[in-house]
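Notes for the structure review
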Amino acid sequence: MSTKIEEHSVRVAAICDRMAALEGPLLPILHEVQEEFGHIPEGALQTISKKLNLSRAEVHGVASFYHDFREEKAGKHVIKICRAEACQAMGADDLGDHAKSRLKVDWSQTTSDQKVTLEPVFCLGLCACAPAAMVDGKVVGRVSKDRMNRILDEVGA
């Protein structure tokens, strides 16, 4: 085991020890690990499964079910574009294609300079203001290609 993985394992174990007494601790632990590292690092699921006396498959199933948990660090800025039906009807597909082209990435990828991660999301609850996006946790409605260009300019993309 590499030194980095061992260090991560110690830090993940400490998080587990601190939160194991919570009712249903798996999700809060996964959130805390991601907050600590910016992603769920290699070996973390094994450490969590041992600490919570769960199978590795159970922990992996939960971590892979929820799209917000990442195996790799996201870019400095995260842009999520809604892909639900209402947003698609208002041009979200073209908006997504435009963002992918401008950033030179596909969905769930990060630009080569690590500045921006582009992710699909399925409903931000802003259907009346479609197409919608989320930029660094802030919901934005009525996002046109021009507005996306301004957003991308603001984040330095």
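Remember, predicted model here, so these are calculated numbers, not experimental data.

**Side note on the overall build of the chain**
When helices and strands are counted, the chain shows 7 helices and 5 strands. Seen in sequence order, the chain has helices and strands lined up from the N terminus as α-α-α-α-β-α-α-β-β-β-β-α. Overall, the chain is about 50 × 30 × 20 Å in size when its C-alpha atoms are taken along their principal axes. Taking all 157 residues of the chain together, the buried fraction comes to 41%. Looking at the chain alone, contacts between residues at least 24 apart form 58% of all its contacts between residues at least 6 apart.

**Looking at helix α6 (residues 92-103)**
Over its 12 residues, α6 extends 16 Å from the first C-alpha to the last, a length consistent with the 16 Å expected when each residue adds 1.5 Å. Restricting attention to buried positions, one finds in α6 the residues A92, L95, G96, A99, K100 and L103. Take α6 and look down its axis: the buried residues cluster within an arc of 135°, on one side only. Turning to α6, the residues buried within the fold contact β1 (77-82), α5 (85-89), β3 (116-121) and α7 (145-154). Phi for K104, located one or two positions after α6, is positive at around 60°.

**Concerning the domain arrangement of the chain**
Per the domain assignment, the segments of the chain are domain 1 (3-65) and domain 2 (77-154). Relative to domain 2, the C-alpha centre of domain 1 lies at a distance of 30 Å.

**Thoughts on the confidence of the model for the chain**
Confidence along the chain averages 95 in pLDDT terms, with 99% of residues attaining 70 or more. No element of the chain has a lower mean pLDDT than helix α1 (residues 3-19), which averages 93, and none a higher one than α6, which averages 98.

**Focus on the side chain of H39**
Checked against the element boundaries, H39 lands in the loop between α2 (26-37) and α3 (44-52). With a relative accessible area of 12%, H39 lands in the buried category. Residues contacting H39, with those up to four places away along its chain left out, are V33, Q34, R70, E71, E72 and K73.

Conventions we followed
- Residues numbered from 1 in each chain as written.
- Predicted model: local features only at pLDDT ≥ 70, side-chain atom pairs only at ≥ 80, totals over all residues.
- Heavy atoms only, no water.
- Helix = DSSP H or I, 4+ residues; strand = E, 2+ residues; numbered from the N terminus.
- Buried < 20%, exposed > 50% of the residue type's maximum accessible area, 1.4 Å probe, protein only.
- Contact = heavy atoms within 4.5 Å.
- Expected span 1.5 Å × (residues − 1).
- Arc of directions from axis to C-beta.
- Domains from an automatic or database assignment.
- pLDDT = per-residue confidence, 0-100.

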